[in-house]
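Listed below, chain by chain, are the residues.
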Amino acid sequence: MSVLVVILAFLIGFALALALIAREARRAASVLERRVPGSSEKLAIYLPFCYFKRLATAFNSALDEERGLALKERKRSSDLLRMLSDLSHDIRTPLAAARGHLQLAVLEDGAGESGGVVGAVDHINAALGRIGATSAILDQMLDLTRASDPDKTYDLAPTPLLPALLGVLDNHEAELLSLEPAVSFEDEAVQVEADASALERILENLVTNAIRHGRSALRCVERWEGAKVLLAMSNEVADPRSIDPSALFDRFYRADSSRSGNGTGLGLAIAKALADGMGMELTTDLQGNVITFTLAMNATRTHEA
């Protein structure tokens with residue numbers, strides 16, 4: 001009799017365990033079925049078995065990963081829409097101006113007055129200038145797309161930093177006269193691990209940015225910091241309150257005081273994408289009215305600093 005009781009008790013316990021497991025499985029399935037993709041809802045299993053707890057932990061890890069991917073995709077889509085909106089605005093403005101000048105050229109030419117031909121030519125030249133500005137925006141957008149490509153490869157090799165910087169400064173000698181650039185290198189023979197053309201493009205964009213927005217001497221200082229070599233480029237800006245340092249590397253970002261200028265707002269974004277692609281770090285710092293861009297690079301030390 002006692003054996004039958006034990007067997008019966010075992011069967012009843014086993015049935016209750018199966019019912020409990022089935023209930024938890026249904027509840028877990030219900031949670032997963034109604035869960036909104038990308039939500040932060042987690043799966044919890046209330047069973048006193050370590051294997052089920054491990055299963056819940058594995059599920060939650062997969063859900064966290066899925067949520068992270070969903071958030072990244074959402075941000076990517078948002079960034080794309082904002083980029084297309086900014087691109088549309090920046091292209092529409094010069095194209096509208098070009099259209100206006102061409103319409104005026106037609107009116108001038110049809111006026112038949114002595115100055116009509118000269119006026120028409122002036123308007124056509126102005127229209128060509130606006131079309132050229134549109135072309136420049138599209139070219140830089142293409143450059144940014146290429147620089148941001150995660151599959152883009154760089155031909156990294158020891159590259160002399162000082163000649164690369166001096167070459168860019170020489171190309172802008174006339175524009176830099178009022179800024180009186182000062183170059184100070186702790187290690188003039190230093191070589192950085194870089195793709196030479198990409199490094200030149202970074203330096204070109206940083207110098208161009210300084211020319212457009214700087215109001216004082218451009219200082220270029222190289223120094224070692226641990227195993228990295230740092231190149232800091234700094235000068236004063238006219239209206240530091242209009243600058244958001246955290247947004248300087250964003251696509252199409254332009255400070256309020258320079259929105260009417262000739263820049264596209266893509267130069268610094270391109271420089272940042274190229275630096276990231278080569279394993280460099282490009283940062284910015286605004287102290288008072290002095291803005292500093294710092295490029296940190298892997299380098300070959302030529303002597304003990």
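Being a predicted model, the structure only gives us computed values, none of them experimental. (Residues numbered from 1 in each chain as written. Predicted model: local features only at pLDDT ≥ 70, side-chain atom pairs only at ≥ 80, totals over all residues. Heavy atoms only, no water.)

1. Some words on the side chain of Asn235
- Note on placement: Asn235 falls in strand S5 (residues 228-236).
- Taking relative accessible area as the criterion, Asn235 reaches 5% and is therefore assigned buried. (Helix = DSSP H or I, 4+ residues; strand = E, 2+ residues; numbered from the N terminus. Buried < 20%, exposed > 50% of the residue type's maximum accessible area, 1.4 Å probe, protein only.)

2. Observations regarding the environment of Glu236
- When you line up the elements, Glu236 lands in strand S5.
- Judged by relative accessible area, Glu236 falls into the partly exposed class, the value being 33%.
- On a C-alpha basis, the gap between Glu236 and Asn289 in space is 5.3 Å, while along the polypeptide they are 53 residues apart.
- Those residues in contact with Glu236 that sit more than four places away from it in its chain are His213, Gly214, Arg215, Ser216, Asn289 and Val290. (Contact = heavy atoms within 4.5 Å.)

3. Some points on the nonpolar core
- Leu199, Ile202, Met280 and Met297 are the most contacted members of the largest nonpolar core, which has 48 residues in total.
- Mapped onto this core, the elements with two or more residues apiece are helix H3 (116-147), helix H4 (161-171), strand S3 (191-194), helix H5 (196-213), strand S4 (219-225), S5, helix H6 (267-277) and strand S7 (290-300).
- Aside from chain neighbours lying at most four places away, what touches Ile202 is Ala271, Leu274, Ala275, Met278, Met280 and Leu295. (Core = buried A, V, L, I, M, F, W, Y, C linked by side-chain atoms within 4.5 Å.)

4. Describing the confidence of the model for the chain
- Of all residues in the chain, 69% have pLDDT values of 70 or greater, and the mean over the chain is 77.
- Contacts for the low-pLDDT stretch residues 256-261, under 50 throughout, to residues beyond four places or in other chains number five contacts. (pLDDT = per-residue confidence, 0-100.)

5. Things to note about the pattern of salt bridges
- Within the structure shown, the criterion is met by three salt bridges.
- Ionic pairing is found between Asp239 and Arg241, a salt bridge with its closest N-O pair at 3.8 Å.
- We note a salt bridge from Lys272 to Asp276, for which the minimum N-O separation is 3.7 Å. Here Asp276 and Lys272 lie together in helix H6, a separation of four residues that amounts to about one turn.
- According to the relative accessible area criterion, Asp276 is partly exposed, its value standing at 42%. (Salt bridge = Lys/Arg side-chain N within 4 Å of Asp/Glu carboxyl O.)

6. A short note on the packing of H4 against H5
- With their axes 9 Å apart at the nearest point, H4 and H5 run at an angle of 45° to one another. When the axes of H4 and H5 are compared, the pair comes out oblique. Between H4 and H5 lies a crossing of right-handed hand. Between H4, through Leu161, Ala164, Leu165, Val168 and Leu169, and H5, the contact on the second element is made entirely by Leu199, Glu200, Leu203, Glu204 and Val207.
- Of the residues assigned to the contact of H4 with H5, the class counts are eight nonpolar, no polar and two charged. (Axes fitted to C-alpha atoms, helices over the stretch in contact; angles between N-to-C directions. Parallel < 35°, antiparallel > 145°, perpendicular 65-115°, else oblique. Left-handed = near helix turned anticlockwise from the far one by under 90°. Nonpolar A, V, L, I, M, F, W, Y, C, P; charged D, E, K, R; others polar.)

7. Quick look at H4
- Taken together, the buried positions of H4 are occupied by Leu161, Leu162, Leu165, Val168 and Leu169. The buried residues of H4 occupy an angular sector of 130° when the element is viewed end-on, so they sit on one face. More than 90 degrees from the buried face of H4, the exposed residues found are Asp170 and Asn171. (Arc of directions from axis to C-beta.)

8. Re a nonpolar patch on the surface
- On the surface, a nonpolar cluster with roughly 420 Å² of combined accessible area is contributed by Leu95, Leu102, Ile124, Leu128 and Ile131.
- Elements that contribute at least two residues to the nonpolar patch include exactly helix H2 (50-111) and H3.
- At three residues, H3 tops the list of elements feeding residues into the nonpolar patch.
- Mapped onto the elements of the fold, Ile131 is located in helix H3. (Patch = residues over 30% accessible without salt bridge, like charges linked within 9 Å, V, L, I, M, F, W, Y side chains within 5 Å. Areas by Shrake-Rupley, 256 points an atom, 1.4 Å probe, with all protein chains shown as cover.)

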